[in-house]
Amino acid sequence: MLQLIFSALLGYLLGSLSFSIILSRLRYQDDIRRHGSGNAGMTNTLRTYGKGAGAVVFVGDFLKGSLAVLLGQLIGGEAGGYLAGFFVVIGHLFPVFFGFRGGKGVATAAGMILMMDPPTLLVLLAPFVLIILLTRYMSLASITVAGLYPVVTVARMLLAGREPSQAAVGLIYSGIIGGLVIFMHRSNIGRLLRGEESKLGKKKS
């Protein structure tokens, strides 16, 4: 039990390392949350500070998701990996170090999925890239893939011969993660419906 608690705590603390906020403070003596959408994530960093800063934030957020799962597995086995993966996303959304105002979890969740089920990430990558190429809406791609995540997870588990009970656990886990990502994009959904969402390559005023 202590190993599982430690795995969850470690995941949450890693997730709370918001690289967009850290970068904006150290490099620009600023807070990314004062700009654009107010979101502490890669897309807002890209629009505010440029491609280099956006790339740094993406890599940092992605790697912390992967690292959390890896350390959780080493500490608490498969269950530890699941807990650390869940709480690294929670930490990214609600970072204890930065007033519980974080990002939307896409890159961190992707890093987590890479360590837990690489084929699922590859499947999800196809619609993500396609939507961005066709529409240039990062938010639409993120929302769509978050919705597909539990569907792909269950399909992968059943095709791999997992027991229905295991597939049910996978559905609940991925459904919560995907639901959280969609919830964090609720303002983007409103702007998409109103035709006011910014596209990639366009700075948000």
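Please read all numbers here as calculations on a predicted model, not as lab measurements.

A. Quick peek at a nonpolar patch on the surface. A cluster of nonpolar residues, Phe 6, Leu 9, Leu 13, Leu 17, Phe 94, Val 96, Phe 97 and Phe 100, forms a patch on the protein surface that exposes about 700 Å² of accessible area. Mapping Phe 97 onto the fold places it in the loop between α4 (51-93) and α5 (106-116).

B. Inspection of the pattern of salt bridges at higher detail. In this structure the tally under the stated criterion is seven salt bridges. Between Arg 33 and Asp 31 there is a salt bridge; the shortest N-O distance is 2.9 Å. A single burial state applies to Arg 33 and to Asp 31, both of which are buried. Linking Arg 191 and Glu 197 is a salt bridge whose minimum nitrogen-to-oxygen distance equals 2.8 Å. Its relative accessible area of 10% is what places Glu 197 among the buried residues. Among the charged side chains, a network of salt bridges with common partners joins Arg 25, Asp 31 and Arg 33.

C. Just the packing of α4 against α5, in detail. Close contact between α4 and α5 brings their axes to 5 Å; oriented N to C, the two are set at 35 degrees. At the point where α4 passes α5, the crossing takes the right-handed sense. In the contact of α4 with α5, the residues fall into 14 nonpolar, eight polar and two charged.

D. View of the nonpolar core. Residues Val 89, Met 112, Tyr 149 and Ile 177 are the most contacted members of the largest nonpolar core, which totals 30 residues. Contributions of two or more residues to this core are made by α1 (2-15), α4, α5, α6 (118-135), α7 (138-159) and α8 (164-184). At nine residues, the largest contribution of residues to this core is made by α4. Dropping the residues within four chain positions of it, Met 112 is found in contact with Gly 65, Ser 66, Val 69, Gly 85, Val 89, Tyr 149, Tyr 173 and Ile 177. Judged by nonpolar contacts, the second largest core, of eight residues, contains Ile 21, Ala 40, Tyr 49 and Val 57.

About the thresholds
Residues numbered from 1 in each chain as written. Predicted model: local features only at pLDDT ≥ 70, side-chain atom pairs only at ≥ 80, totals over all residues. Heavy atoms only, no water. Patch = residues over 30% accessible without salt bridge, like charges linked within 9 Å, V, L, I, M, F, W, Y side chains within 5 Å. Areas by Shrake-Rupley, 256 points an atom, 1.4 Å probe, with all protein chains shown as cover. Salt bridge = Lys/Arg side-chain N within 4 Å of Asp/Glu carboxyl O. Helix = DSSP H or I, 4+ residues; strand = E, 2+ residues; numbered from the N terminus. Buried < 20%, exposed > 50% of the residue type's maximum accessible area, 1.4 Å probe, protein only. Axes fitted to C-alpha atoms, helices over the stretch in contact; angles between N-to-C directions. Left-handed = near helix turned anticlockwise from the far one by under 90°. Nonpolar A, V, L, I, M, F, W, Y, C, P; charged D, E, K, R; others polar. Core = buried A, V, L, I, M, F, W, Y, C linked by side-chain atoms within 4.5 Å. Contact = heavy atoms within 4.5 Å.

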